[in-house]
Amino acid sequence: MGPRAGLRLRQILREGKIMLVPCAHDALTARLIQQAGFPAVFNSGFTISAAHGFPDTGLLSFAEVLSAHNSICEALPYGFPVFADGDTGYGNAMNVKRTVRAFEKAGVAAIMLEDQVAPKQCGHTLGKQVISRNESVAKIKAAHDARKEWRREKGLIEE
């Protein structure tokens, strides 16, 4: 998502090797992961929620999660790949667009979006329900459109 970080992530993925990517719950943990030589950092909703003392059940707001992603991206060298947990996109397709634009601005390299119905559960629990195929397609299209629009507005060339 961040242009340089996204490019670096695609280069790593083209190598075709399995990537070991530890989770970070804060900026210090992210720096330690980077300094230990790992190729990327993953910010999981579970770890960010746990760092705030909550289970991963959607209790943290978009702003709280975005703040964590901002702190983590700022703590790392420019272009270091960060995978960001985008939860369910925090609502419908329009919310997904907002999520993608904000995470791109923060500097993340990739966003993982879940397809659960609201209220969501932790991805590790049984009994989850997923949204319809049509809603999923709409969210994926919204994420793609948001990425293209943000890059066009910033004068960045599609990679």
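For the structure itself, look to the data block above.
Described in the following lines is the structure provided in the data block.

Calculation rules
- Residues numbered from 1 in each chain as written.
- Predicted model: local features only at pLDDT ≥ 70, side-chain atom pairs only at ≥ 80, totals over all residues.
- Heavy atoms only, no water.
- Helix = DSSP H or I, 4+ residues; strand = E, 2+ residues; numbered from the N terminus.
- Rg over C-alpha atoms; globule rule 2.2 N^0.38 Å.
- Pairing = 2+ DSSP bridges.
- Phe/Tyr/Trp six-rings, centres within 6.5 Å; stacked < 30°, edge-to-face > 60°.
- Buried < 20%, exposed > 50% of the residue type's maximum accessible area, 1.4 Å probe, protein only.
- Axes fitted to C-alpha atoms, helices over the stretch in contact; angles between N-to-C directions.
- Contact = heavy atoms within 4.5 Å.
- Salt bridge = Lys/Arg side-chain N within 4 Å of Asp/Glu carboxyl O.
- Parallel < 35°, antiparallel > 145°, perpendicular 65-115°, else oblique.
- Left-handed = near helix turned anticlockwise from the far one by under 90°.
- Nonpolar A, V, L, I, M, F, W, Y, C, P; charged D, E, K, R; others polar.

**A look at the overall build of the protein**
Part 1: Secondary structure summary: the protein contains six helices and three strands in total.
Part 2: For the protein, the α and β elements follow one another from N to C terminus as α-α-β-α-α-β-α-β-α.
Part 3: The C-alpha atoms of the protein give 15 Å as radius of gyration, which agrees with the globular expectation for 159 residues (15 Å, within 12%).
Part 4: Judged by the C-alpha coordinates and their principal axes, the protein covers about 35 × 35 × 30 Å.

**Quick notes on the pairing of strand 2 (residues 82-85)**
Within a regular beta strand, the side chains point alternately toward one face of the sheet and then the other, so they alternate between its two faces.
Part 1: In the sheet, strand 1 (residues 41-43) pairs with strand 2 via three bridges, with the strands oriented parallel. If you follow F42 over to strand 2, its bridge partner there is F83.
Part 2: Where strand 2 and strand 3 (residues 110-112) come together, three bridges link them in parallel fashion. Looking across to strand 3, one finds that F83 is bridged to A110.

**Topic: the packing of aromatic side chains**
Part 1: Taken as a whole and judged by the stated rule, the model has three aromatic pairs.
Part 2: Ring centres of F62 and Y90 lie 5.4 Å apart, and the angle between their planes is 70°; on these two criteria the pair is classed as edge-to-face. Within this pair, whereas F62 is found in helix 4 (residues 62-75), its partner Y90 is found in the loop between strand 2 and helix 5 (93-106), the two being separated by 28 residues in sequence.
Part 3: For F62, a relative accessible area of 11% corresponds to the buried category.
Part 4: A network of ring pairs unites the aromatic residues F62, Y90 and F103 as a single cluster.

**Topic: the sheet that holds strand 3**
Part 1: As summarised here, the arrangement of the three strands in space is 1-2-3, forming an open sheet in which the pairing is parallel. Of all the strands in the sheet, just strand 1 and strand 3 have a single pairing partner and so form its edges. Between one strand axis and the next, the sheet turns through 20° on average, direction left out of account.
Part 2: Helix 4 rests against strand 1 and strand 2 of the sheet, and its axis sits at about 175° to strand 2.

**As for the pattern of salt bridges**
Part 1: For the structure shown, the criterion picks out four salt bridges.
Part 2: As a salt-bridge pair, K97 and E149 come within 3.1 Å of each other at their nearest N and O atoms. One end of the pair, K97, is in helix 5; the other, E149, is in helix 6 (residues 133-153), and 52 residues separate them in sequence.
Part 3: Under the relative-accessibility criterion, K97 is labelled buried at 19%.
Part 4: Here R101 and E153 are joined by a salt bridge, their closest N and O atoms 2.7 Å apart.

**Describing the packing of helix 5 against helix 6**
Part 1: Taken N-terminus to C-terminus, the directions of helix 5 and helix 6 make an angle of 40°; their axes are 8 Å apart at the nearest point. Between helix 5 and helix 6, the crossing angle belongs to the class labelled oblique. For the crossing formed where helix 5 meets helix 6, the hand is right-handed. Residues A93, V96, K97, V100, R101, E104 and K105 of helix 5 touch helix 6, and the partners they reach there are A138, K139, A142, A143, D145, A146, R147, E149, W150, R151 and E153.
Part 2: Residue classes in the contact of helix 5 with helix 6 are distributed as eight nonpolar, no polar and 10 charged.

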